[in-house]
Amino acid sequence: MWSPISSRKVRVGAVGLGQIFELTSPAYRNDPDAELVALCDLDPDRLALRATQWPNAAAFADLEALLASDVDMVEVLVPSPAHAAVACQVLAAGKHLALQKPVAHTLEEVDRIIAARDAAGVAVRVMEDQIFFPPLVALRDVVRSGEIGDPVGLHLKMVATGLGGWDVNYGSWEWLLKQAQDGRGILVFDDGWHKFAIAHWLFGPVRRVMAWIGNTELAPGFGMDAPTTVMWDHVGGVRGVLDISFAPQTYVRSDYYSGDERVEVTGTLGFARVNRISARGIDQPALEVYRDGELRSVHTLADGLDAGFLAASRAFAQHLRSGEGEPSLSLEQAREVLAFQLSVYDSSARDAPVFLA
Ligand SMILES: NC(=O)c1ccc[n+]([C@@H]2O[C@H](COP(=O)([O-])OP(=O)(O)OC[C@H]3O[C@@H](n4cnc5c(N)ncnc54)[C@H](O)[C@@H]3O)[C@@H](O)[C@H]2O)c1
């Protein structure tokens, strides 16, 4: 078992300094609990760029050298096909680990990471920024308060829009496209992870899944995994639906990734709805709650995509400093989310419902 780092800030190293470093690193500016002290990327240009942004952090061209330094925790921000190998390397060095999503590609990989964590006796947190996104946190509070009665349905919508938001460089797409060709598409696997994690966080484990994963061909041999429809029952009884569409010519304003997203819980007395996550769209209120003929709009919450990243990173730093609470997501929770996600592929391939253990 590890000891809390009570007398000083947590020293953080980051490995993989690409697109998501943009959203991960701001948590370590002026954080009372953690500081970014080391950087690592295989790409010398990326490493040099980030070194100019973080001049007080040591720059390492390979992970072994970073792990030999005095960092306490490593933010693993490398492409997900490399998560298991890099995570196990970090854990073998006895460092705490913050691992990006999706946790890994297979349950066997997650089991290897769990075994490495247990052997090292350190803490691991799998990043799911959206369960820290303040409008979704407020939606869960509304559901748990009973304001909309007993939950009877969960509706998640994702329209992947082609225009608006970050100009993501080709290098950041390249591994995603390769991953898609290997059967783990951008919308169901890479982004879908967030939606399955939200459902699991709201209503717990899933019992039964039915899915149709579609394909929209963009070029010979490559397509987007939409239209896709996924239906499931939680063990607790709530039924969920995820509807994924691809609208390449649609513009949705965003400071980050473009897309039109909705999370809505229907209750016996009304509904609570989050109108956006990654993008700002048409600036509807981030959260709306309907009951008894009245619609309550919430305009007070931090509702940029960055807010969830900040809250998630700060919660883990506080956990490492205090030793209190549990990391969120834990590896065990992340394993359940991945099992749910893999059952979606299984169901679609068999065109039949899949029952989870
Ligand atoms: N939470 C979110 O909303 C969100 C959004 C986008 C990406 N992600 C996740 O973040 C991770 C990275 O995605 P990205 O878009 O930043 O990718 P990216 O391609 O932009 O950056 C990855 C970086 O990792 C470096 N790298 C790869 N292997 C390495 C290794 N072994 N050692 C050191 N450096 C290595 C690459 O050179 C590259 O600079 C993925 O797991 C992805 O799924 C999460």
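Thresholds, definitions, all that
Residues numbered from 1 in each chain as written. Predicted model: local features only at pLDDT ≥ 70, side-chain atom pairs only at ≥ 80, totals over all residues. Domains from an automatic or database assignment. Contact = placed C-beta atoms within 7 Å. Helix = DSSP H or I, 4+ residues; strand = E, 2+ residues; numbered from the N terminus. Nonpolar A, V, L, I, M, F, W, Y, C, P; charged D, E, K, R; others polar. Near = placed C-beta within 6 Å. Axes fitted to C-alpha atoms, helices over the stretch in contact; angles between N-to-C directions. Parallel < 35°, antiparallel > 145°, perpendicular 65-115°, else oblique. Expected span 1.5 Å × (residues − 1). Pairing = 2+ DSSP bridges.

In this section: the domain arrangement of the chain. For the chain, the assigned domains are domain 1 (10-127 + 308-327) and domain 2 (130-304 + 339-355). Using C-alpha coordinates to define each centre, domain 1 is positioned 26 Å away from domain 2. Counting residues at the interface gives 13 residues for domain 1, matched by 13 residues for domain 2. At 4 residues, helix H9 (residues 305-322) tops the list of elements feeding residues into the side of domain 1 that touches domain 2. Broken down by class, the residue content of the side of domain 1 that touches domain 2 amounts to 8 nonpolar, 4 polar and 1 charged.

For the rest of this paragraph, the subject is the site of the ligand. The local shell around the ligand holds 26 residues, among which Gly-16, Gly-18, Gln-19, Ile-20 and Ser-172 are the closest. Among the elements that line the shell around the ligand, the one with the most residues is helix H7 (residues 170-181), at 3 residues. In terms of residue class, the shell around the ligand is made up of 13 nonpolar, 7 polar and 6 charged. Residue assignment places the shell around the ligand across two domains, with domain 1 (10-127 + 308-327) and domain 2 (130-304 + 339-355) each supplying three or more.

Our focus in this paragraph is the packing of helix H4 (residues 83-92) against helix H5 (residues 107-120). Between H4 and H5, whose axes approach to 9 Å, the crossing angle comes to 5 degrees. Regarding the angle of H4 to H5, the classification is roughly parallel. Packed against H4, whose contacting residues are Ala-84, Ala-87, Cys-88, Leu-91 and Ala-92, the element H5 presents Glu-109, Arg-112, Ile-113, Ala-116, Arg-117 and Ala-120 at the interface. Taken together, the residues that form the contact of H4 with H5 break down as 8 nonpolar, no polar and 3 charged.

A separate point is H7. Quick reminder: α-helices carry 3.6 residues per turn. Residues three or four places apart thus point the same way. With 12 residues, H7 extends 16 Å between its outermost C-alpha atoms, agreeing within 8% with the 16 Å of an ideal straight helix rising 1.5 Å per residue. Immediately downstream of H7, the backbone of Gly-183 shows phi near 95 degrees, a positive value.

Attention shifts here to the sheet that holds strand E1 (residues 10-15). Strand order in the open sheet formed by 6 strands is E3-E2-E1-E4-E5-E6, and the pairing between neighbours is parallel. At either margin of the open sheet sits one strand with a lone partner, and together these are strand E3 (58-60) and strand E6 (124-126). Within this sheet the neighbouring strands show an average axis-to-axis angle of 25 degrees, counted without direction. Bridging between strand E5 (residues 96-99) and E6 involves 3 bridges; their strand directions are parallel. Paired with Leu-99 across the strands is Val-126, a residue of E6.

On the secondary structure map, Asn-56 appears in the loop between helix H2 (44-53) and E3. Remark: the alpha-carbon pair of Asn-56 and Val-37, spanning 19 residues in sequence, is separated by 6.8 Å.

Next up on the list: the environment of Ser-254. Along the polypeptide, Ser-254 turns up in the loop between strand E12 (239-251) and strand E13 (260-267). Sequence separation between Ser-254 and Gly-165 is 89 residues; the distance between their C-alpha atoms is 4.3 Å.

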